[in-house]
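One letter stands for each residue in the lines below.
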Amino acid sequence: RRHTRLQGDWSSDVCSSDLGSGGQVQIAHAQSDPYLRTYVSEWGTRRGDQGVIARDRSGDVLGAAWLRLGGIQGPYQLADKHVPELAMAVIPQARCRGVGSVLMSHLIESARSCYSQIILSVREDNPAVHFYSRFGFREVSRIKNRVGGESLVMSIDLAPLARPQNPVGGIHNA
């Protein structure tokens, strides 16, 4: 696997935040949002940053899934500082083609040796709720989200693997 650092590619965060296709206006909006900035800013420099990227044959990014410790402080904080929060995005053209499943499988496998749990939030009406459930995520609570709607807080418990792995931050290409 080749390690790559996330180089401020805000288009993935824009897609995962449901702000549109990732055009410059949406990217500028995401960059100015303190909540969204916590998922990407200085990615790869903090202890526990871990993720995977899916690329097509020409090297273009199809999607990414990543974990970050610490999360956001305040009303949107999902867990304590030892439980990583999942962020995930697949570009619209690559959805329903198995890209998300490959990303999630690789990320969960990688996280098992580092964490006992992963947490995420997803809007209650987002079809991704069923996707996350297929991987073992279960609803643990509900919160009012940043746009005033309701989001599910979902968690998965991870059984540690027998073989130790190095929990070094970075992105693995899936």
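A brief report on the enclosed structure follows. The structure presented is a predicted model; accordingly, all values stated were derived computationally and were not measured. (Residues numbered from 1 in each chain as written. Predicted model: local features only at pLDDT ≥ 70, side-chain atom pairs only at ≥ 80, totals over all residues. Heavy atoms only, no water.)

Of the regular secondary structure elements, the protein holds five helices and eight strands. The helix and strand sequence of the protein, counted from the amino end, reads β-α-α-α-β-β-β-α-β-α-β-β-β. The buried share among the 174 residues of the protein stands at 43%. In the protein, once contacts between residues fewer than 6 apart in sequence are set aside, the share between residues at least 24 apart is 62%. Just so you have it, the protein exposes about 9200 Å², and 50% of that area is on carbon and sulfur atoms. (Helix = DSSP H or I, 4+ residues; strand = E, 2+ residues; numbered from the N terminus. Buried < 20%, exposed > 50% of the residue type's maximum accessible area, 1.4 Å probe, protein only. Contact = heavy atoms within 4.5 Å. Areas by Shrake-Rupley, 256 points an atom, 1.4 Å probe, with all protein chains shown as cover.)

For residues besides glycine, phi is generally negative; the peptide bonds are generally trans as well. Of note in this structure, C96 is not a glycine but carries a positive phi near 65 degrees. As for its placement among the helices and strands, C96 is situated in the loop between β4 (85–90) and α4 (99–111). Taking the relative accessible area as the measure of exposure, C96 reaches 85% and is therefore exposed.

The full count for this structure, using the stated rule, is three aromatic pairs. Measuring from centroid to centroid gives 5.5 Å for F131 and Y132, while their planes differ by 65 degrees, and the two rings are edge-to-face. On the basis of relative accessible area, F131 is assigned to the buried category, the value being 14%. Measuring from ring centre to ring centre gives 5.1 Å for F131 and F135, while their planes differ by 55 degrees; the resulting arrangement is tilted. (Phe/Tyr/Trp six-rings, centres within 6.5 Å; stacked < 30°, edge-to-face > 60°.)

With that settled, consider the environment of G136. Turning to its location among the elements, G136 is positioned in the loop between α5 (128–134) and β6 (138–144). Taking C-alpha positions, G136 is 8.1 Å from S155, a pair spaced 19 residues apart along the chain. When neighbours within four sequence positions are excluded, G136 is seen to be in contact with S155 and I156.

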